[in-house]
Amino acid sequence: MVDGVSRLACVLVEGFAAAALERCEPALRERPLAAVLGAPPATRVVEANARGRAEGIRPGLSDAEAVVRCPTLVRRPVSAEAEAAAHHALLDACLAVSPRIEDVAPGCVHVDLAGLTRLFGDDETLARRLRRQARVVGLEARVGIAATRAAAGVAARVGPGLHVIAPGGERAALAAVPLAALEWPEGVSATFRRWGLATLGDLAALPRDGVGARLGKSGLAAHDLACGIDRGPFRPWSQPPSWEEAQGLDWEIVTLPALMPVLERILERLCARLAAAHMAVDALDLRLALASGGHQARTMALAAPLTEAAPLVALLALELERQPPEAAITGVSVSARVLPRRAALAQLWHPPPPAPRDLAAVLARLALLVGGANVGAPIVLDSHRPDAYSLAPFDPTEPNGLADSTDEPATGTAATEQDERIAGPLVLRRLRPPRPVTVETHEGRPAWLHGLSNDRAEVVTCAGPWRASGQWWDIDPWARDEWDIALADGTLWRLAHDRITKSWHLDALYD
Amino acid sequence: MLLDRLLRQGAITEVIGSLSSGRTSLLTHCLREATRRGGAVALIDADHVFDPVSAAAAGVDLRRLLWVRCEGRRQDALKAADLLARCPGFAVVALDVGDSPPRLSVAAAFRLRLAARRSGVALVVVGSRRIVGGAAALSVRTRRERLAWAGRGNTPRRLAGMCTGLQLVRKQGAPSSGVLERVWWTV
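Cut-offs applied
- Residues numbered from 1 in each chain as written.
- Chains lettered and ligands numbered in written order.
- Predicted model: local features only at pLDDT ≥ 70, side-chain atom pairs only at ≥ 80, totals over all residues.
- Heavy atoms only, no water.
- Helix = DSSP H or I, 4+ residues; strand = E, 2+ residues; numbered from the N terminus.
- Buried < 20%, exposed > 50% of the residue type's maximum accessible area, 1.4 Å probe, protein only.
- Contact = heavy atoms within 4.5 Å.
- Areas by Shrake-Rupley, 256 points an atom, 1.4 Å probe, with all protein chains shown as cover.
- 1 Å grid on protein atoms, 1.4 Å probe; cavity = no way out; pocket = protein on both sides within 12 Å on 5 of 7 lines; lining within 4 Å.
- Points joined across faces, edges and corners; volume = space filled by probe spheres on them.
- Buried area = accessible area lost by both parts, 1.4 Å probe.
- Salt bridge = Lys/Arg side-chain N within 4 Å of Asp/Glu carboxyl O.
- Polar contact = N/O pair within 3.5 Å; in protein donor to acceptor, adjacent residues only side chain to side chain.
- Pairing = 2+ DSSP bridges.
- Core = buried A, V, L, I, M, F, W, Y, C linked by side-chain atoms within 4.5 Å.
- Axes fitted to C-alpha atoms, helices over the stretch in contact; angles between N-to-C directions.
- pLDDT = per-residue confidence, 0-100.

Trainee: Could you clarify how one ought to interpret the overall build of chain B in this entry?
Mentor: A tally of helices and strands in chain B yields four helices and eight strands. Ordered by position in the sequence, the α and β elements of chain B form the string β-α-β-α-β-α-β-α-β-β-β-β. Counting the 187 residues in chain B, one finds 62% classified as buried. Counting only contacts in chain B whose residues sit at least 6 apart along the sequence, the fraction spanning at least 24 positions is 72%. Working note: accessible area of chain B is about 6600 Å², and carbon and sulfur atoms make up 48% of it.

Trainee: Could you clarify how one ought to interpret the layout of surface pockets in this entry?
Mentor: Empty space left among the atoms is revealed by rolling a probe the size of a water molecule over them. Residues and elements named next belong to chain A. Looking at the largest pocket, its volume works out to about 1400 Å³. Along the walls of the largest pocket sit 45 residues, with Leu-12, Cys-108, Arg-157, Leu-182 and Glu-183 positioned nearest its centre. Of all elements in the fold, only strand 1 (8-12), strand 3 (44-48), strand 5 (101-105), strand 6 (108-112), helix 7 (149-157) and helix 11 (208-227) reach the threshold of two or more residues within the lining of the largest pocket. At eight residues, helix 11 tops the list of elements feeding residues into the lining of the largest pocket.

Trainee: What exactly am I supposed to notice about unusual backbone geometry here?
Mentor: With glycine set apart, most residues show a phi of negative sign, and most peptide bonds adopt trans. Each neighbour pair has its own omega, and for Pro-40 of chain A with Pro-41 of chain A the value is 0°, a cis peptide bond. Within the fold, Pro-41 of chain A resides in the loop between strand 2 (33-37) and strand 3. A cis geometry characterises the amide bond from Gly-464 of chain A onward to Pro-465 of chain A, with omega recorded as 0°. Tracing the sequence through the fold places Pro-465 of chain A in strand 18 (residues 456-470). Positive phi is not limited to glycine here, since Ser-20 of chain B has a value of about 60°. Here Ser-20 of chain B shows up in the loop between strand 1 (12-17) and helix 1 (23-36).

Trainee: Which parts of the structure should I look at to understand the interface of chain B and chain A?
Mentor: The parts lose accessible area when they come together, and the size of an interface is often stated as this lost area. Taken residue by residue, the interface counts 74 residues in chain B and 77 residues in chain A. Across the chain B/chain A interface, buried area totals approximately 6300 Å², and carbon plus sulfur atoms make up 56% of it. When residues of chain B are sorted by the area they lose upon contact with chain A, Arg-36, Trp-184 and Thr-186 of chain B head the list and together hold 11% of the total. Where Arg-23 of chain B meets Asp-511 of chain A, a salt bridge forms, and the shortest distance between an N and an O atom there is 3.8 Å. Counting every contact that joins chain B to chain A gives 29 residue pairs in polar contact (both at pLDDT 80 or more). A total of eight residues in the side of chain B that touches chain A trace back to one element, the largest contributor, which is helix 1 of chain B. Across five bridges, the pairing between strand 15 (residues 420-425) of chain A and strand 8 (residues 180-186) of chain B is parallel. Residue pairing for strand 8 of chain B: Pro-425 of chain A is matched across the bridge by Thr-186 of chain B.

Trainee: What am I meant to see in the nonpolar core here?
Mentor: One broad trend across soluble globular proteins is that nonpolar side chains are buried collectively. Formed by 40 residues in total, the largest nonpolar core has its most connected members in Ile-44, Leu-66, Val-68, Leu-84, Phe-90 and Val-132 of chain B. Listing elements by their share of this core, those giving two or more residues are helix 14 (356-370) and strand 13 (375-380) of chain A together with strand 2 (40-45), strand 3 (65-69), helix 3 (74-85), strand 4 (90-98), helix 4 (106-119) and strand 5 (122-127) of chain B. For Val-132 of chain B, the residues in contact, after removing those within four places along its chain, are Ile-12, Glu-14, Leu-104, Ala-109 and Val-125 of chain B.

Trainee: How should I be thinking about the sheet that holds strand 16 (residues 428-442) of chain A in this particular structure?
Mentor: Where strands meet in a sheet, backbone hydrogen bonds hold them as pairs that are either parallel or antiparallel. Residues and elements named next belong to chain A. On the basis of which strands lie adjacent, the closed barrel formed by six strands has the order 16-17-18-19-20-21 and antiparallel pairing. The mean angle between the axes of side-by-side strands here comes to 45°, regardless of whether they run parallel or antiparallel. With nine bridges connecting them, strand 18 and strand 19 (residues 478-487) associate as antiparallel partners. Bridge pairing in strand 19 places Val-459 opposite Leu-487.

Trainee: Is there a simple way to explain the sheet that holds strand 7 (residues 158-171) of chain B in this structure?
Mentor: Spatial strand order, 14(A)-13(A)-3(B)-2(B)-4(B)-5(B)-1(B)-6(B)-7(B)-8(B)-15(A): eleven strands in an open sheet with mixed pairing. Edge positions in the open sheet fall to strand 14 (389-392) and strand 15 of chain A, since each of these has one partner strand only. Across the sheet, the mean angle from the axis of one strand to that of its neighbour is 30°, orientation sign disregarded. Of the strands in this sheet, strand 13 of chain A together with strand 3 and strand 4 of chain B are in contact with helix 14 of chain A, which crosses strand 3 of chain B at around 25°. The sheet contacts of helix 3 of chain B involve strand 2, strand 3 and strand 4 of chain B, and relative to strand 4 of chain B the element is tilted by about 170°.

Trainee: Where do I start with the confidence of the model for chain A in this structure?
Mentor: Reading predicted coordinates in detail is not appropriate for stretches of low pLDDT. On average, residues of chain A score 87 in pLDDT, and 92% of them are at 70 or above. Ignoring residues within four places in sequence, the model shows residues 401-415 of chain A, a span with pLDDT below 50, making 32 contacts including any to other chains.

Trainee: How should I be thinking about the pattern of salt bridges in this particular structure?
Mentor: Any two side chains of opposite charge can pair if their charged atoms end up close together. Residues and elements named next belong to chain A. Under the counting rule described, the total for this entry stands at 41 salt bridges over all chains. Of the charged contacts, one joins Arg-149 and Glu-102 as a salt bridge, the two residues approaching to 3.4 Å between their closest N and O atoms. Taken as a pair, Arg-149 in helix 7 and Glu-102 in strand 5 lie far apart in primary sequence, 47 residues in all. Both residues of the pair, Arg-149 and Glu-102, count as buried. The partner of Asp-481 in a salt bridge is Arg-467, and the shortest N-O contact between them spans 2.9 Å. Of this pair, Asp-481 sits in strand 19 while Arg-467 sits in strand 18; the two residues are 14 residues apart in sequence, bridging distant segments of the chain. The class of Asp-481 is buried, set by a relative accessible area of 9%. What makes Arg-467 exposed here is its relative accessible area of 61%. One connected set of salt bridges, linked through shared partners, spans Arg-23, Asp-92, Glu-245, Arg-269 and Arg-273.

Trainee: How should I be thinking about the pairing of strand 10 (residues 279-290) of chain A in this particular structure?
Mentor: Where a strand is regular, its side chains alternate between the two sheet faces. Residues and elements named next belong to chain A. With ten of twelve residues buried, strand 10 is to be regarded as a mostly interior element. For strand 10 and strand 12 (residues 329-340), the ladder comprises eleven bridges, and the chain directions are antiparallel. Note on strand 12: the bridge partner recorded for Leu-290 is Ile-329. Inspection of the sheet shows strand 10 paired to strand 11 (residues 295-306) by eight bridges, in the antiparallel sense. From the neighbouring strand, Leu-286 faces strand 11, where its bridge partner is Arg-298.

Printed below as a string of structure tokens:
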């Protein structure tokens, strides 16, 4: 608000159907373009881009007429997916400026500018900011700012691309606007011509009740527009739960290299929207429409949230190489599961971890090389069962208390000489699976081992047994006696005797 | 001491030794030192022998450890080492090639060294024999000196520790000293 007067903006994309197609294929901006609908010979123009309009292409023209007017005209079928994605992009762009927006119609958004003057500046600055945000997501928008939505909408539709009506000047600014510059419901514009009305000022001068009596609801709405009055409440729009970009293909794609540019454009649009909303991609859902009529869907979880399109394209390429599509592709849609972007604070005394996009790429390549189940960070489970661990996704940016700890690990006791130093605990090398062996015992202690590389190995020293058991209440109980044995060949093993199966096996090697 | 000079940023350190000589404990010591300083480390485990439980008990921060299990595929282990050596941000990349180390050509070894130098990672290769050759800036051999058992009488109750001798086999730019340092690993 400025001095107690509300300020509202209308962000409008002209020729929205064509603008949505231009957003998918930016090269079309340089050529006259018409979005068409219908099968030949009944194909009709729905919208044209700026160059097309300059060549006289208007909505409703037949395809043949349009080509006669502009032989170099590019025609593309209207794409509902592209329009939906473009409209979501426009909403995201407006949300980047103000948290309170209203979804009016495809290509038209109202923005509440209350409280933004202190943040961003005056109305001109806000209008430029809105237009800039729309450009970031690939749309060329017109912006009008006024005290009411009706006046802001008219300001956006007529006059310069950025049109600010000063507070209190709505009536005067709208009075001069020609009625022919705006779109009216069928029959209403003919009635206005019959009545001799030329401008919004002429319409506003008529009594409201009389206009309503003769033209009904559409007449009342037209009169309110001419006066710059908002009758309905502001309906704030809230963020959709999913982020999706899609593109239908005019031809089937059979090879992965041909699919990559399409994926690249889709991900660039998606990342631009996410950047405008300060979000990062946590996982991608890829859905391929196949020529056979079916769909192929797959989900790719990321090791770390990403915001750039290039590493996402590379990761999708690796995923598609691993599992190629089953048939030719006729459409692609990518939706993202998002997380709010958070600033990663570098710690002063700790080295920086791998950059998220480098890490995501190398983890994807490792998963392709050795299998996704063989890459991760180990987690020790809360269990007394030997070798109880699981693998979790690797995230070195997780806050860590252990790295800041100065506690030394328990080193136990051992007689050392003067020039010797206790370096740390002795660790194990696990045998997976444990190696079954046959053991000859003497006075209840292991004496000879059969089943290693040499036929019969003498147990030089053994310590134990150490008894352990668990899950006796469950369907999978375990109970074992553990021995530490030194063999004559110098190796040092952990030997276990399973008290349930009465079998011996080598668990691990001390090294 | 040699123990404190094993991790060399941007270079390859090779640790060779027979089974139960302490080479794995030495590797775990390096991982512990790197993770305690807050660095991310990677371990390429050719034979799937890494024990997270004893590593955690040894002080390794497992959340900062990327474990790559190669299930016995040694060539995949070398490729994984190459991938990780090229990724900047890891403090240590350790390659445990096990008791049947793969053949590594001289060209491949020097490519690995160049990758480590460019990314600034400390690459540690652990195995039963040398495979990196002249590309290693430091080669250390581990040898078990003696064991310590705890308990009264002739039948010990538990293993108390193991003494490992560290011998400098090769140091880039300096003759091998052959000096033996001894470290104890406790249980």
